[in-house]
Amino acid sequence: MRGRKSGRVISFPVVITEYDGNRYLVSMLGQDVNWVRNVRAADGSAVLRHGRREAVRLVEMPADAKPAILRRYLDVAPGARPHVPVDRRAPRQAFEQIAPEIPVFRITARP
């Protein structure tokens with residue numbers, strides 16, 4: 001994606017989480033990271049590279065849709081576990097409490 005200030009193309013590694021037939025990106029470090037700010041500034045426009053380039057739109061999910069996705073994310077991204085303040089086996093209520101603070105974006109096709 002392009003940096004919101006520099007305009008330069010920025011690449012960074014992410015873990016794509018699949019849940020209920022959709023793909024998601026999760027910001028394990030919360031709201032105050034540059035890639036989240038850049039996604040929001042670009043209205044979700046991004047390019048994923050995983051063997052091939054895929055132009056996508058990242059749609060931010062509401063808090064009530066995040067708990068199950070966050071649990072799945074912790075299952076597939078063990079490196080994220082120290083950064084998310086709940087255990088992956090915690091009850092849904094624990095995930096509901098942290099959901100407003102952790103951005104989750106559904107990956108969709110760019111029109």
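A. Region of interest: the overall build of the chain. Counting secondary structure elements, the chain contains three helices and five strands. Element order for the chain, N to C, with α for helix and β for strand: β-β-α-β-β-α-α-β. Taken against the 2.2 N^0.38 rule, which gives 13 Å for 111 residues, the C-alpha radius of gyration of the chain at 14 Å falls within 12% of a compact globule. With the C-alpha coordinates aligned to their principal axes, the bounding extent of the chain is approximately 40 × 30 × 25 Å. A buried classification covers 37% of the 111 residues belonging to the chain. Summarising the internal contacts of the chain: among those between residues at least 6 apart in sequence, 64% fall at separations of at least 24. Approximately 6,700 Å² of the chain is accessible, and the part contributed by carbon and sulfur atoms is 48%.

B. Inspection of the sheet that holds strand S4 (residues 53–60) at higher detail. Read from one edge to the other, the open sheet built from five strands follows the order S1-S2-S5-S4-S3, with strand pairing classed as antiparallel. Unpaired on one side and paired on the other, strand S1 (17–19) and strand S3 (45–49) mark the two borders of the sheet. On average, adjacent strands in this sheet sit at an angle of 45 degrees to one another, irrespective of strand direction. Contacting strand S2 (22–26), S4 and strand S5 (104–109), helix H1 (residues 34–41) crosses the sheet at an angle of about 45 degrees to S5. Each of S1, S2 and S5 is contacted by helix H2 (residues 67–76), which is oriented at about 130 degrees to S1, the strand it contacts most.

Procedures and definitions
Residues numbered from 1 in each chain as written. Predicted model: local features only at pLDDT ≥ 70, side-chain atom pairs only at ≥ 80, totals over all residues. Heavy atoms only, no water. Helix = DSSP H or I, 4+ residues; strand = E, 2+ residues; numbered from the N terminus. Rg over C-alpha atoms; globule rule 2.2 N^0.38 Å. Buried < 20%, exposed > 50% of the residue type's maximum accessible area, 1.4 Å probe, protein only. Contact = heavy atoms within 4.5 Å. Areas by Shrake-Rupley, 256 points an atom, 1.4 Å probe, with all protein chains shown as cover. Pairing = 2+ DSSP bridges. Axes fitted to C-alpha atoms, helices over the stretch in contact; angles between N-to-C directions.

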